[in-house]
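Chain and residue survey
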Amino acid sequence: MNSIVVKYCFAALTALALSAIPAAALEQNCRFIQAKPDREACYKRQEEELAAKRKPAPATDEGKALETLRQSRQDDDAVYRSINNICRGC
């Protein structure tokens, strides 16, 4: 039984490794393009894709964040008030 699990794991890892090779090769293929305009277009596409990946996440609505913070503080205050009414050491 144990050898069967090892065989399946090995097969899965091999398939995963082979599927990752083309993804890595896509980034390196621009330098092998012979025609200069095509090569520059390839580099430009890569720059645009990289810029899209690095683009910061859109800012959240500050009004909504402040409302959430205010509600959280109100809830905390209510809990602290109820804790003060508990007899300690009775």
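Residues numbered from 1 in each chain as written. Predicted model: local features only at pLDDT ≥ 70, side-chain atom pairs only at ≥ 80, totals over all residues. Heavy atoms only, no water.

Brief notes about the pattern of salt bridges
Tallied over the entire structure, the rule returns 2 salt bridges. In this structure, Glu40 and Lys36 form a salt bridge, with 4.0 Å as the shortest nitrogen-oxygen distance. Of this pair, Glu40 and Lys36 both sit in helix 2 (residues 36-54), separated by 4 residues, roughly a single helical turn. Look at Lys36 and you get exposed, because its relative accessible area is 51%. The salt bridge involving Glu67 is made with Arg70; its shortest N-O contact spans 2.4 Å. (Salt bridge = Lys/Arg side-chain N within 4 Å of Asp/Glu carboxyl O. Helix = DSSP H or I, 4+ residues; strand = E, 2+ residues; numbered from the N terminus. Buried < 20%, exposed > 50% of the residue type's maximum accessible area, 1.4 Å probe, protein only.)

Considerations on a nonpolar patch on the surface
Among the surface-exposed residues, Val79, Tyr80, Ile83 and Ile86 lie close enough to one another that they form a single nonpolar patch of about 380 Å² accessible area. The class of Val79 is partly exposed, set by a relative accessible area of 44%. (Patch = residues over 30% accessible without salt bridge, like charges linked within 9 Å, V, L, I, M, F, W, Y side chains within 5 Å. Areas by Shrake-Rupley, 256 points an atom, 1.4 Å probe, with all protein chains shown as cover.)

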